[in-house]
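# Chains, contacts and geometry: an overview
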Amino acid sequence: MSQIPEELYYTKEHEWMRVEGDEIVIGITDHAQDALTDIVYIELPGDGDSFDDMGEFAIVESVKSASPIFAPLAGTITAVNDALEDEPELMNQDPYGAGWIVRMKLENPEAITGMMSAADYKAEIGE
Amino acid sequence: MSEGAPVRTALYQEHVALNANLVDFHGFELPIWYSNIKQEHLATRATAGLFDVSHMGSFRFSGKDVKSWLEGLATQKVTAVAPPRCAYTHFLDDDGLLIDDMIFAVVSDEEILGVPNASMIDVMWQWFSKHLPSDGSIQLENLSDATSIMALQGPEAKALLSAVLGEENHVGRFKWQAIGDNPLGVTGWLQGTGYTGEAGYEIFVPNEEVSTLWRALIDAGAVPVGLGARDTLRLEKGFLLSGVDFCWPPLAEGENASFLARDSWETNVPFGLDLEHEFVGKHRVVGHADDDARWWGIRYTEKGPLPRPGKEVTLLDGTMIGALTSGAPAPSLENIGIGIGYLTHVKEGDEVLVVASPRKSVKAVVVRPPFL
């Protein structure tokens, strides 16, 4: 059983989103980091980059694969977790905390309510 | 080979019992990992890893002049390999293109056992059959379906095998030996070979006996290792992989169709090629210019998106010089990016760039594998 905090929103692509004021913080779920195994590199977007809904904003690499991370909703990056450049394993060790990936200002902040709840995500991954 | 349901090896139930993550690999249902690729990789380097490599084939060649017959097809000087030694070789087609590589054991001057790659069993069977002398003096047998193969690799391999089969069941590096009397009653043969660069064994046993030996080795402390770590282990040692680093027949379509159609000079592996004897395809091997593409290693000198197969390599000024056929973070080297590919106009120590993502080219140095 993986950790699925109640207060977060989720996507089918195994990302979590936490609402903080008019921004959201995005990371990958515990289930995702476990499936990816040891994360050895992440290619991060630039601060200020804009993405459409489902735009590819980062690539997470483990020993055998490179997996794209998609923007769950359209918006602009307002902060990037630079610590991941030197310590990508933070995504494995603390996926909902120190392993956060970016902060984003949404084009349409209301859209977040259309995302999956913890219960929805739990059902999605069959836990 | 990949049509229909994948073939399950005789160890399939053991993999399921160990909760392995199974994939279709060249038509065989095999574990990609059991726990985690990196852990399995490091366990093989530090202790002993156990691999099911039963998808690989097993051929027996026999006859009075079997060594000189095989030598006419092989890049290796087979007649110089005395029993009970093993050796590595390539087989080239009439155009000099690499069909398959193989480790073989000279059991006696009249018997050789060889291990073709999984996807090449049928191709190599046809190739050898086509070249058998018309007088019937050489016999070819396909033992693949009845034979299971395990690889036990790592510094503790010898101690583990001795604990399970007794001390007399040991062979040194690149030697062959029949399995002698043992507490498990297992039969077959041992080779001091493998594809991880570690000391250890490849163990050939009848299908119906393999689970007994597998379980005994796991109980003795061997770590089950999947194909994922097998790939990173061989990559760190610079070993070619059939179907990945070379491909036969050449792919029919696409602008890079011939990129993986290569010969033994281009693959640049420092063993298995002897130019003092005649063999099929030799004309291509000896016909190269110095600046033709060869298989070179690259090691990242900075962090960046990893060097995956297919990524292009350029000089620092952006001139394209080739592409990678294999690449990954190296678990034994703190996950630094390593790769191998066919590159032109380079020498050891040159600085190059790997076009690792559309946004980032990563600095790397040209090296001659092994990487460790």
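Just so you know, these numbers come straight off a predicted model, no measurement behind them.

## A closer look at unusual backbone geometry
A cis amide bond links Pro83(B) to the next residue, Pro84(B), at an omega of 0°. Relative to the assigned elements, Pro84(B) resides in the loop between α3 (66–71) and β6 (86–92). In the segment running from Trp248(B) into Pro249(B), the intervening peptide bond is cis, with an omega of -5°. By the secondary structure assignment, Pro249(B) is in the loop between α7 (227–237) and α8 (282–285). In the Ramachandran plot, Thr37(A) falls in the positive-phi region, its phi being about 60° despite a non-glycine side chain. With respect to the helices, strands and loops of the structure, Thr37(A) is situated in the loop between α1 (30–36) and β4 (39–43). When its relative accessible area of 14% is taken as the criterion, Thr37(A) is described as buried. Backbone geometry places Asn19(B), a non-glycine residue, at a positive phi of 65°. Looking at where Asn19(B) falls in the secondary structure, it is placed in the loop between α1 (12–17) and β2 (21–25).

## Remarks on empty space enclosed by the protein
Once rolled over the atoms, a probe with the size of a water molecule shows which space is left empty. Residue and element names in this part refer to chain B. For the structure shown, the criterion picks out 4 cavities of 30 Å³ or more. Roughly 180 Å³ of volume is contained in the largest cavity. As for the largest cavity, its lining consists of 14 residues, of which Met56, Ile103, Val115, Asn117 and Tyr195 are closest to the centre. Considering every element that reaches the lining of the largest cavity, the biggest residue donor is strand β7 (residues 98–108), with 3 residues.

## Details of the sheet that holds strand β9 (residues 139–142) of chain B
Residue and element names in this part refer to chain B. Here we have 5 strands laid out as an open sheet, ordered β6-β7-β8-β5-β9, and antiparallel in their pairing. Every interior strand has two partners, whereas the edge strands, β6 and β9, have only one. Across the sheet, the mean angle separating the axes of adjacent strands is 30° when strand polarity is ignored. Both strand β5 (residues 59–62) and β9 contribute to a ladder of 4 bridges, which runs antiparallel. Residue pairing for β9: Arg60 is matched across the bridge by Glu141.

## Comments concerning the packing of helix α5 (residues 157–165) of chain B against helix α6 (residues 207–219) of chain B
Residue and element names in this part refer to chain B. Look at α5 against α6: their axes get within 9 Å of each other, and the N-to-C directions meet at 120°. With respect to each other, α5 and α6 are oriented oblique. Pair α5 / α6 crosses with right-handed handedness. For the pair α5 and α6, contact is made by Leu160, Leu161, Val164 and Leu165 and by Leu213, Ala216 and Leu217, respectively. The residue makeup of the contact of α5 with α6, split by class, is 7 nonpolar, no polar and no charged.

## Some thoughts on α6(B)
Owing to its 3.6 residues per turn, the α-helix brings residues three or four apart onto one side. Among all positions of α6(B), only Glu209(B), Val210(B), Ser211(B), Leu213(B), Trp214(B), Ala216(B), Leu217(B) and Ile218(B) are buried. Phi turns positive, to about 120°, at Gly221(B), one or two residues after α6(B).

## Some points on the domain arrangement of chain B
Residue and element names in this part refer to chain B. Assigned domains of chain B: these are domain 1 (7–54 + 145–236) and domain 2 (289–372). If you average the C-alpha positions of domain 1 and of domain 2, the two centres end up 31 Å apart. Domain 1 puts 8 residues into the contact, and the matching count from domain 2 is 15 residues. Between domain 1 and domain 2 lies a buried interface of about 850 Å² when both sides are counted; carbon and sulfur atoms form 63% of it. Counting the surface domain 1 buries against domain 2, the share from its top three residues, Lys38, Leu235 and Glu236, is 68%. Linking domain 1 to domain 2 there are 0 salt bridges. Among the residues forming the side of domain 1 that touches domain 2, the class breakdown is 2 nonpolar, 2 polar and 4 charged.

## Topic: the interface of chain B and chain A
Between chain B and chain A, the contact holds 18 residues from the first and 16 residues from the second. Together, the buried faces of chain B and chain A total about 1300 Å²; carbon and sulfur atoms form 54% of this surface. Here Arg308(B) makes a salt bridge to Glu61(A), at a shortest N to O gap of 2.9 Å. The interface formed by chain B and chain A contains 9 residue pairs in polar contact (both at pLDDT 80 or more). Of all the secondary-structure elements, those providing two or more residues to the side of chain B that touches chain A are α2 (37–46), α7 and β17 (320–330) of chain B. For the side of chain B that touches chain A, the element with the highest residue contribution is α7(B), accounting for 3 residues.

## Examining the pairing of β5(B)
One ladder, built from 4 bridges, connects β5(B) with strand β8 (residues 111–115) of chain B; its direction is antiparallel. Among the inter-strand pairings, Ser62(B) is bridged to a residue of β8(B), identified as Glu111(B).

## Considerations on the sheet that holds strand β3 (residues 28–33) of chain B
All names here are of chain B. A sheet is described by the order of its strands in space; here 3 strands give the open sequence β1-β3-β2, paired in mixed fashion. With partners counted over all chains shown, the strands left at the sheet margins are β1 (7–8) and β2, one partner each. Pairing of β2 with β3 involves 5 bridges; the strand directions are antiparallel. For Asp24, the partnering residue across the bridge sits in β3 and is Glu29. Helix-sheet contacts for α7 involve β2 and β3, and the interaxial angle to β3 is about 70°.

## As for the confidence of the model for chain B
Looking at chain B as a whole, its pLDDT mean stands at 96, while 99% of the residues score no less than 70. In the predicted complex, the global pTM is 0.91; the interface-specific ipTM is 0.76.

Cut-off values and rules
Residues numbered from 1 in each chain as written. Chains lettered and ligands numbered in written order. Predicted model: local features only at pLDDT ≥ 70, side-chain atom pairs only at ≥ 80, totals over all residues. Heavy atoms only, no water. Helix = DSSP H or I, 4+ residues; strand = E, 2+ residues; numbered from the N terminus. Buried < 20%, exposed > 50% of the residue type's maximum accessible area, 1.4 Å probe, protein only. 1 Å grid on protein atoms, 1.4 Å probe; cavity = no way out; pocket = protein on both sides within 12 Å on 5 of 7 lines; lining within 4 Å. Points joined across faces, edges and corners; volume = space filled by probe spheres on them. Pairing = 2+ DSSP bridges. Axes fitted to C-alpha atoms, helices over the stretch in contact; angles between N-to-C directions. Parallel < 35°, antiparallel > 145°, perpendicular 65-115°, else oblique. Left-handed = near helix turned anticlockwise from the far one by under 90°. Contact = heavy atoms within 4.5 Å. Nonpolar A, V, L, I, M, F, W, Y, C, P; charged D, E, K, R; others polar. Domains from an automatic or database assignment. Buried area = accessible area lost by both parts, 1.4 Å probe. Salt bridge = Lys/Arg side-chain N within 4 Å of Asp/Glu carboxyl O. Polar contact = N/O pair within 3.5 Å; in protein donor to acceptor, adjacent residues only side chain to side chain. pLDDT = per-residue confidence, 0-100.

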